[in-house]
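Fold and geometry: a report
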Amino acid sequence: MSMPWDAPAAPARPAGDLRGAPTQHTQQPIVTGTSVIGLKYRDGVMLAADTLASYGTLAMFKDVERIAKAGDNTLIGAGGEYSDFQQIQHTLEHLTGDDTVPLTFLL
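Thresholds, definitions, all that
Residues numbered from 1 in each chain as written. Predicted model: local features only at pLDDT ≥ 70, side-chain atom pairs only at ≥ 80, totals over all residues. Heavy atoms only, no water. Helix = DSSP H or I, 4+ residues; strand = E, 2+ residues; numbered from the N terminus. Expected span 1.5 Å × (residues − 1). Buried < 20%, exposed > 50% of the residue type's maximum accessible area, 1.4 Å probe, protein only. Arc of directions from axis to C-beta. Contact = heavy atoms within 4.5 Å. Salt bridge = Lys/Arg side-chain N within 4 Å of Asp/Glu carboxyl O.

Further remarks concern helix α1 (residues 82-96). Taking 1.5 Å of rise per residue, the 15 residues of α1 would be expected to cover 21 Å, and the 21 Å separating its terminal C-alpha atoms lies within 8% of that figure. For α1, every residue scored as buried is listed here: Tyr82, Phe85, Gln89 and Glu93. Looking down the long axis of α1, one finds its buried residues gathered within 80° of arc, a one-sided arrangement. Exposed and oriented more than 90 degrees from the buried face of α1 are His94 and Leu95. Of the surrounding elements, those touching the buried residues of α1 are β1 (31-33), β6 (67-71), β7 (74-77) and β8 (80-81).

Below is the structure:
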């Protein structure tokens, strides 16, 4: 008589194969953005970014500025966690020594 535990083992799945795994949701979602691209060409530099920011898996904010002016000849752009971008802006304002004038976003 054959018993269930005598059955051959299922073939091993490769690492990262999550089929059949329980669905997991982040417990502490953060606001993240996706794309920033910089291009250098003969006459200058072009910096572009999308304006979508997600909260966890939700596309929650659709008009987020990800490029900021940091000086007369300097722009900064950021993807990833938005609070990191805000911290970089704060640090740059502190380093310029002019805390009365915040970094202005491009219009």
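Next comes the rest of the account.
All right, on to the pattern of salt bridges then. Using the criterion set out here, one finds one salt bridge in the structure. A salt bridge links Asp43 to Arg42; the shortest N-O distance between them is 3.7 Å. Both residues of the pair, Asp43 and Arg42, count as exposed.

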